[in-house]
Amino acid sequence: MSSFRFSNRCFLLLLAGSASLADHDVTAFAPTRAGIIPRRQRTVCSEGLFGCRRIDPVFMSSVSWDENESCVLSDEEVAPLLRFDTGGKEKIINAFGLWTFVVSLITCPIWAAAMWIVDAICKSNEELDPHRSVYDGTGKIWSKAWLTMAMSYPTITGDVDRLREGKGACLYVANHASWLDIPVVCTVLDPVFKFISKAELAKLPCIGQQLSGGNHILIERDDRRSQLKTFKDGIAWLKKGVPLMAFPEGKRSLDGRLMDFKGGIFSMAVKTKVPIVPISIANTHAVMPSNALFPVQNGAEKLHVHVHEAIDTEGLSEAEIADAVRAALLSKLPKDQHPIEKEIPEGSIPSVDEILQQKAERVGDEKKMQSV
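This write-up is about the structure you can find in this document. Just so you know, the residues in each chain are numbered from 1, in the order the chain's sequence is written. In keeping with the model being predicted, local features are shown solely for residues with a pLDDT of at least 70 and side-chain atom pairs are shown and tallied solely at 80 or more, while totals for entire chains, interfaces and linings include all residues. In computing side-chain values, all of the structure's heavy atoms are included and hydrogens and water are not.

## Some words on the environment of Lys-302
Basically, it comes down to this: The way it works is that DSSP assigns letters per residue, a run of H or I at least four long becomes a helix, a run of E at least two long becomes a strand, and they are numbered from the N terminus. Working rule for contacts: check all heavy atoms of both residues, and any pair within 4.5 Å makes them a contact.
By the secondary structure assignment, Lys-302 is in the loop between α10 (284-287) and β14 (304-307). Remark: the alpha-carbon pair of Lys-302 and Ala-286, spanning 16 residues in sequence, is separated by 8.5 Å. Those residues in contact with Lys-302, other than ones at most four positions away along the chain, are Cys-71, Ala-282, Asn-283 and Gln-297.

As structure tokens, then:
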């Protein structure tokens with residue numbers, strides 16, 4: 001098979017354009033051992049802006065799932081149909097991935113058109129949408145529609161009132177294990193918010209259009225001026241009462257496990273004295289792993305979001321905040337998303353006698369050197 005150059009950005013490029021609306025009963029497709037068959041899925045809908053129907057997340061008081069059970073599929077279970085070489089890294093597509101690819105091709109142009117129309121209207125009068133909330137709303141509609149059609153709509157628990165009603169400025173932070181995290185976040189966060197995102201994403205069709213047109217915060221991590229601008233822009237949004245959304249790990253975890261946080265991400269919350277709201281996102285790495293161009297399985301009863309209680313930043317150092325956020329995120333993540341404890345090989349730690357022996361040898365060596 002000939003090799004092609006692809007990247008996971010293909011997923012965003014092809015998905016990032018849909019705003020198709022779903023009715024109460026949505027026909028979707030699921031892979032089975034015999035292939036792909038249609039099945040019916042129920043979604044929860046309510047009246048949205050301008051009387052349009054919108055799909056709401058499934059809010060649950062409790063979710064029954066075993067944190068010790070992994071949702072990650074083996075290569076045999078994934079059953080890849082296509083394999084691509086992407087600069088030395090293999091990417092795969094299976095039967096379910098082909099379905100999501102078709103969904104993306106069908107729905108992608110609609111989101112782009114919706115953004116263009118909203119942008120044209122709002123540019124005629126900036127007061128119509130000062131926070132670009134209607135503009136960003138097109139992306140939220142796309143996220144909800146796409147996840148519904150892909151049978152990957154997440155369940156959600158925790159402080160759901162904060163997401164549905166909005167409680168003023170805050171800093172949302174979540175673990176980042178898959179490209180799916182982006183539509184999942186846009187699906188569960190109803191109030192207007194602004195992403196803190198890598199500037200390179202602005203070059204992508206639709207996703208870049210959303211980030212730039214929605215006045216989200218784009219950062220060049222290696223550029224000091226960009227970092228300072230990010231800080232100032234973030235402070236400005238928070239002072240206007242608009243929440244921010246960031247992934248404190250700074251990049252996507254390739255194996256789904258929570259990584260160390262990048263420094264400075266919590267400084268904007270400390271400066272403006274706004275709370276930090278941790279959000280645990282479970283199993284997106286299993287639905288769309290890092291070696292897949294598209295999801296390899298549906299996320300029904302797998303994708304779950306837990307909104308933790310807000311952390312008051314006043315009086316806490318950034319290190320203390322980071323520890324609190326980390327503990328919160330891990331408390332609602334499955335075990336296969338926890339960092340691997342670094343095991344110390346047996347015998348690598350010297351005994352007290354060995355330490356004393358080494359010290360005696362060093363003292364003896366020093367005396368010999370002095371005598372010479």
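Additional details are given in the paragraphs that follow.
## Re the pairing of β14
Stated formally: The classification of residues rests on relative accessible area computed with a 1.4 Å probe and restricted to protein chains. Under 20% of the type maximum is buried, over 50% is exposed, and intermediate values are partly exposed. For two strands to be treated as a pair, DSSP must find no fewer than two bridges joining them.
Side chains of β14 alternate between two faces, with His-304 and His-306 and Val-305 and Val-307 buried alike. Where strand β8 (residues 155-158) lies against β14, 4 bridges are found, and the strand directions are parallel. Within β14, the position partnered with Ile-156 by the bridge is Val-305. When strand β13 (residues 276-282) meets β14, the two strands line up antiparallel, connected through 4 bridges. Counted as the bridge partner of Ile-279 is Val-307 from β14.

## With respect to unusual backbone geometry
At Ala-79, a residue that is not glycine, the phi angle is positive and equals roughly 50°. Mapped onto the secondary structure, Ala-79 falls in the loop between α2 (75-78) and β6 (82-86). In this model, Glu-301 sits at a positive phi of 60°, which is unusual for a non-glycine residue.

## Description of the packing of helix α4 (residues 133-149) against helix α6 (residues 181-188)
Going by this rule: To obtain each axis, a line is fitted to C-alpha atoms, and for helices this fit is confined to the stretch in contact; angles are then taken between N-to-C directions over 0 to 180 degrees. Orientation categories follow fixed angle ranges, with anything under 35 degrees roughly parallel, anything over 145 roughly antiparallel, 65 to 115 roughly perpendicular, and all other angles oblique. In this scheme the handedness of a crossing depends on how the near helix is turned from the far one: anticlockwise by less than a right angle means left-handed, clockwise means right-handed. Each residue gets one label: Ala, Val, Leu, Ile, Met, Phe, Trp, Tyr, Cys and Pro are nonpolar, Asp, Glu, Lys and Arg are charged, and the others, such as Gly, are polar.
Closest axis-to-axis distance for the α4/α6 pair is 8 Å, and the angle between their directions is 110°. Comparing their axes, α6 and α4 come out roughly perpendicular. As for how α4 packs across α6, the hand of that crossing is left-handed. Across from Lys-140, Trp-142, Ser-143, Lys-144 and Leu-147 in α4, the residues of α6 making contact are Pro-183, Val-184, Cys-186 and Thr-187. Looking at the contact of α4 with α6 residue by residue, the classes come out as 5 nonpolar, 2 polar and 2 charged.

## Description of the packing of aromatic side chains
Selection rule: Working definition: rings of Phe, Tyr and Trp (its six-membered ring) pair if their centres are within 6.5 Å, and the pair is stacked with planes under 30 degrees apart, edge-to-face with planes over 60 apart, and tilted otherwise.
Counted under the stated rule, the structure contains 4 aromatic pairs. Ring geometry for Phe-193 versus Phe-195: centroids 5.2 Å apart, planes at 75°, classification edge-to-face. In terms of burial, Phe-193 and Phe-195 fall into one category: buried. Ring centres 6.1 Å apart and planes at 70° place the aromatic pair Phe-261 and Phe-266 in the edge-to-face group.

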